[in-house]
Amino acid sequence: MSASDTPPTGPSLLTRLLHADRLGRPEHGAVHKPLHVAATYAFPSAGELAAVFQGRQAGHVYSRQGNPTDTALEAKLAMLEGARGAATFSTGMAAVAGVMLTLLKAGDHLVASRYLFGNTNSFFGTLQGLGIGITYVDATDAAAVTAAVTPTTRMVFVETIANPATQVADLAGIGQLCRERGLVYVLDNTMTTPVLLRGRDVGASLVVHSLAKGIAGHGDTMGGAVCETGLYDWRAYPNIAEAYRTGDPAGWGLQQIRKKGLRDMGATLRAEDAHRIATGAETMEMRIAATNANALAVAQWLERQPQVRRVLYPGLASHPQHERARTLFGGRYGALLAFELRPEHDVMTVLDRLRTIILSSHLSDNRTLAIPVAQTIFWEMGAQRRAEMGIGDGMVRLSVGLEPAEDLCADLAQALRG
Ligand SMILES: *Cc1c(COP(=O)(O)O)cnc(C)c1O
């Protein structure tokens, strides 16, 4: 190989992630950022105390606004998303609420995907009660989003791969629309993670994560994050308070989310959880490659079973957005799939026969988890909204883990046979 055809140098994302703490020179040369559990921080002078309070100097004042262990995780998340900054929260829902409650006001309008995580859907009902208008659209088509935009629309909210029926939103088309109309584009990237997609590559302004899922992976922690890509110019956004209109306008949104969403609302990530998430994230790329390959194998196997009416997984050629998913996600399709049993098979009875697969509501765990959808996570919203979302009574959601696909198919085979 001559020098001219040497591949471009520079460490890969994985290498940078693994070495991020060490290169940041943590205390005592520790290879991990240590856990900082202090409630408060002391200053050598009143001037420095004031400078940190006024945002003129970086630093920590009180742990409701985060701690150095959170800050180290935020730097890694921003790196993974190619973002200009990140703020962590105690859960993914706290991150979603942090964005909406700090950036929207009564009288504003939000366009949201009709295919939403159940608790996000429920929280959006709370927003409507506060006077925020919401129009739900089929986000697999950017034209439907365009048609819903009104003069008071401030924001568009979509998930990358919807849960449980795996619709893939028109992510790039919506990015273009938001850019043209000056709308804030909030993307929930939980199901895909930066291993499959970086929010900035489809034009997102803010990228939201539940860190408890694929990023942490091990089912032993909770956390959420908001990453600011830097693509949105907040000078045009009416709801940024005067106090946060300081510094680079590309950072005003996160500045307000951090102050109002963390300092005032207090759903802060504990250092212990930030540490677990950061440790889990080190193996994210390998875990996700393995779970996604397993999910594809299980989906293909399920599609051949006579008891199964249909399988929803973006990796299948039969999926309506298969081509879009292939282009957007670099040949991986996530760990989540859903399948629907034929009406003569009772979903609860079939699930009760599972031995390896765990009956649980979580997602993107190392272990494979199954849940009947209509009877649990989408129960509260009622039959009409379920029908709009394409969720039948015989639907099972499967979050595929690291167990070899043969073991999972064997367990499913015995459960389906009865
Ligand atoms: C789990 C999840 C959330 C909420 O995250 P928590 O950490 O459970 O609060 C939000 N969006 C999506 C897509 C999720 O899967």
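Residues numbered from 1 in each chain as written. Predicted model: local features only at pLDDT ≥ 70, side-chain atom pairs only at ≥ 80, totals over all residues. Heavy atoms only, no water.

Taken together, five strands build an open sheet; the order of strands is E8-E9-E12-E11-E10 and the sheet is mixed. Single-partner strands in this sheet number two, and they are strand E8 (308-312) and strand E10 (358-359). One ladder, built from four bridges, connects strand E11 (residues 369-372) with strand E12 (residues 395-399); its direction is antiparallel. The residue of E12 that forms the bridge with Ile-371 is Arg-397. (Pairing = 2+ DSSP bridges. Helix = DSSP H or I, 4+ residues; strand = E, 2+ residues; numbered from the N terminus.)

Time to look at the packing of aromatic side chains. This model, assessed by the stated rule, comprises six aromatic pairs. Relative to Phe-157, the ring of Phe-124 lies with its centre 5.3 Å away and its plane at 80°, an arrangement referred to as edge-to-face. Remark: Phe-157 occurs in strand E4 (residues 153-159) and Phe-124 occurs in helix H5 (residues 118-129); sequence separation between them is 33 residues. Given a relative accessible area of 0%, Phe-124 falls into the buried group. Look at Tyr-232 and Tyr-237: their rings are 6.2 Å apart centre to centre, the planes differ by 80°, and that puts the pair in the edge-to-face class. By relative accessible area, Tyr-232 is classed as buried at 9%. Tyr-237 sits in the buried class, given a relative accessible area of 1%. Arg-385 extends its terminal NZ or CZ atom over the ring of Tyr-136, reaching a point 4.6 Å from the ring centre. (Phe/Tyr/Trp six-rings, centres within 6.5 Å; stacked < 30°, edge-to-face > 60°. Buried < 20%, exposed > 50% of the residue type's maximum accessible area, 1.4 Å probe, protein only. Lys NZ or Arg CZ within 6 Å of the ring centre and 35° of its normal.)

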